[in-house]
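Report on the structure
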Amino acid sequence: MAAQLPLSRLFASLQPGDMMNIAADEQANKPGILIGQKGGREVQVTGTAELSAAPNRARVCIRVASSKGSAVEAKNSVLRRLEYIEQSLRQAGVTDENITISKEIERKTNAYQMDAEVCVVFEQFEKLQDICNMIVEKLDSSVCISSPHFYHTSENMEKLRRQVCLNAVSNARRKAQDVCRLVGQSLGKAIIIREEEMKEWEDQADCVSSSIQHKIKSATIHAASKVSATFEIKGKERNKKNC
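Residues numbered from 1 in each chain as written. Predicted model: local features only at pLDDT ≥ 70, side-chain atom pairs only at ≥ 80, totals over all residues. Heavy atoms only, no water.

1. So, the overall build of the protein chain
Threshold: Helix and strand assignments follow DSSP, with helices taken as H or I runs no shorter than four residues and strands as E runs no shorter than two, numbered in order from the N terminus. Buried residues are those whose accessible area, probed at 1.4 Å on protein chains only, stays under 20% of the maximum for their type, while exposed residues exceed 50% and partly exposed ones sit between those limits. Residues count as neighbours in contact if any of their non-hydrogen atoms are within 4.5 Å of one another. For the accessible areas, the method is Shrake-Rupley and the probe is 1.4 Å, while residue cover comes only from the protein chains on display.
Helix and strand counts for the protein chain come out as five helices and nine strands. In the protein chain, the succession of helices and strands from N to C terminus is β-α-β-β-α-β-β-α-β-β-α-β-α-β. Counting all 243 residues of the protein chain, 36% fall into the buried class. Long-range pairs, those at least 24 residues apart, make up 76% of the contacts in the protein chain with a sequence separation of at least 6. Of the accessible surface of the protein chain, which amounts to about 14,800 Å², a share of 47% is contributed by carbon and sulfur atoms.

Structure (structure tokens):
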């Protein structure tokens, strides 16, 4: 897991009118006083957020092999099983773009060896389990199915990074609103928003397991974002309305 994020810091400037005349360079070193655009009053806060995303793709490879006295026999033996595998995948809704098939035949000492591999990308993990179980039950030991590899598409990762940053900004704004309410002021527009830190990490495997759920958990990505934000302080609240 990631290290504990630093505690949030908050600075607010609620100086009276005569303080507006103090030179900016004199106020810059005064704790708790920040100068905004045109000497306006500001509230500066930090906001943090954490999110996690499970993998959204899984890849398995199904291998079929046959060794026969003639090339035709070896080829026909493999092709019959390939036909069943392809038919099962398409009936389950797996599209051609998610199916890759490779074939190879070679001459050995006294036989011909035919090997074929079907690599399949799944978007629905329940479908992955159902199809693999069905193929094993039908073809038994004549096929070999690899352990599924779970991973994230680039779009999935970008969505996670974007959302955790937006959540951190939202938390910073809520914090600034709470501060304004506490001192009877009204929160204005954002002046500066900066992402200070973004961290990503995977779950640490706590046991050795080949189960699907454990593999999904191990491939889950966690992300944490920290932002700093400066907001304008508009003035006093009226009629106890929210900022």
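That shown, we press on.
2. Topic: the environment of Lys103
With respect to the helices and strands, Lys103 occurs in strand E4 (residues 99-107). Take Lys103: its relative accessible area is 52%, and that puts it in the exposed class. Among all residues touching Lys103, those that are not within four sequence positions of it are Leu79, Leu82, Met114, Asp115 and Ala116.

3. Description of unusual backbone geometry
A positive phi is found at Asp140, a non-glycine position, where the angle reads about 55°. Topologically, Asp140 is positioned in the loop between helix H3 (125-139) and strand E6 (143-145). For Asp140, a relative accessible area of 55% gives the class exposed.

4. What to know about the packing of aromatic side chains
Any two aromatic rings considered together are summarised by their centre-to-centre distance and by the angle between their planes. As a reminder of what qualifies: Ring geometry is summarised as follows: Phe, Tyr and Trp rings, the Trp one being its six-membered ring, pair when their centres sit within 6.5 Å, and such pairs are stacked at plane angles under 30 degrees, edge-to-face over 60 and tilted between the two. In this scheme, the term charge over a ring applies when either NZ of a lysine or CZ of an arginine sits within 6 Å of the ring centre and within 35 degrees of the ring normal.
By the definition in use, this model includes one aromatic pair. Above the ring of Tyr112, the side-chain terminus of Arg107 is found at 4.7 Å from the ring centroid. Over the aromatic face of Tyr84 sits the side chain of Lys138, whose NZ or CZ is 6.0 Å from the ring centroid.

5. Description of H3
Residues spaced three or four apart along an α-helix point in a common direction, a consequence of the helix completing one turn every 3.6 residues. Which entries qualify depends on this criterion: By definition here, a helix of n residues has an expected span of 1.5 Å times n minus one. The arc in question is the one traced by the directions running from the helix axis out to the C-beta atoms.
Here H3 spans 21 Å end to end across 15 residues, near enough to the 21 Å set by a 1.5 Å rise per residue. Of all the positions in H3, only Phe125, Leu128, Ile131, Cys132, Ile135 and Leu139 are classed as buried. End-on view of H3: buried residues confined to an arc of 120°, all on one side of the axis. Facing away from the buried side of H3, by more than 90 degrees, are the exposed residues Glu126, Asp130, Glu137 and Lys138.

6. Topic: the pattern of salt bridges
Cut-off, in case you're wondering: For this analysis, a salt bridge means a side-chain nitrogen from Lys or Arg found within 4 Å of a carboxyl oxygen belonging to Asp or Glu.
On inspection of all chains with the given rule, the structure shows ten salt bridges. Between Arg194 and Glu196 there is a salt bridge, with the nearest N and O atoms lying 3.8 Å from each other. Looking at Glu196, the relative accessible area reads 42%, which means it is partly exposed. Three or more residues are tied together by salt bridges with common partners; here these are Glu86, Arg90 and Asp96.

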